[in-house]
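# Descriptive structure summary
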Amino acid sequence: MPIRRAASCAAPYGLYHHVLNTGTHEAGHVFGLGHVGSGHSNLAMYTNADRCEVKKRTLGKGDVMGLRSIY
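Residues numbered from 1 in each chain as written. Predicted model: local features only at pLDDT ≥ 70, side-chain atom pairs only at ≥ 80, totals over all residues. Heavy atoms only, no water.

## Quick notes on the side chain of Glu53
Looking at where Glu53 falls in the secondary structure, it is placed in the loop between α1 (19-30) and α2 (61-70). For Glu53, a relative accessible area of 11% corresponds to the buried category. (Helix = DSSP H or I, 4+ residues; strand = E, 2+ residues; numbered from the N terminus. Buried < 20%, exposed > 50% of the residue type's maximum accessible area, 1.4 Å probe, protein only.)

## What about the pattern of salt bridges?
Close approach of charged atoms lets side chains of opposite charge pair. Under the counting rule described, the total for this entry stands at 2 salt bridges. In this structure, Lys56 and Glu53 form a salt bridge, with 3.3 Å as the shortest nitrogen-oxygen distance. For Lys56, a relative accessible area of 4% corresponds to the buried category. One network of salt bridges, with partners in common, ties together Glu53, Lys55 and Lys56. (Salt bridge = Lys/Arg side-chain N within 4 Å of Asp/Glu carboxyl O.)

## Side note on the side chain of Asn21
You can see Asn21 is positioned in helix α1. Within the structure, the side chain of Asn21 is placed 2.4 Å from the backbone oxygen of Glu53, a separation counted as a polar contact. Every residue in contact with Asn21, bar those within four places of it in the chain, is listed here: Glu53, Val54, Lys55, Lys56 and Arg57. (Polar contact = N/O pair within 3.5 Å; in protein donor to acceptor, adjacent residues only side chain to side chain. Contact = heavy atoms within 4.5 Å.)

## What about α1?
End to end, α1 covers 16 Å across 12 residues, agreeing with the expected 16 Å (1.5 Å per residue, within 8%). Looking at α1, one finds that the buried residues are Asn21, Thr24, His25 and Gly28. Seen along its axis, α1 keeps its buried residues to an arc of 95°; they face one direction. The exposed set on the far side of α1, more than 90 degrees from its buried face, consists of Val19 and Val30. Phi for Gly32, located one or two positions after α1, is positive at around 100°. (Expected span 1.5 Å × (residues − 1). Arc of directions from axis to C-beta.)

Spelled out as structure tokens, the structure:
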């Protein structure tokens, strides 16, 4: 089933965080990654995510480098 995105972040869609962004972030914790700080807001493991944000559905280069350092 394809993921449907709202044309805009207007209510009611603007009230929610994107499930794939959140899932990718939480999976990072399962694999041992922690949060990254300011200056890395483009990474999935950044502390905060804006509502309706979809750019963190996949791992960024820094996220991958973190995983490689663990495994």
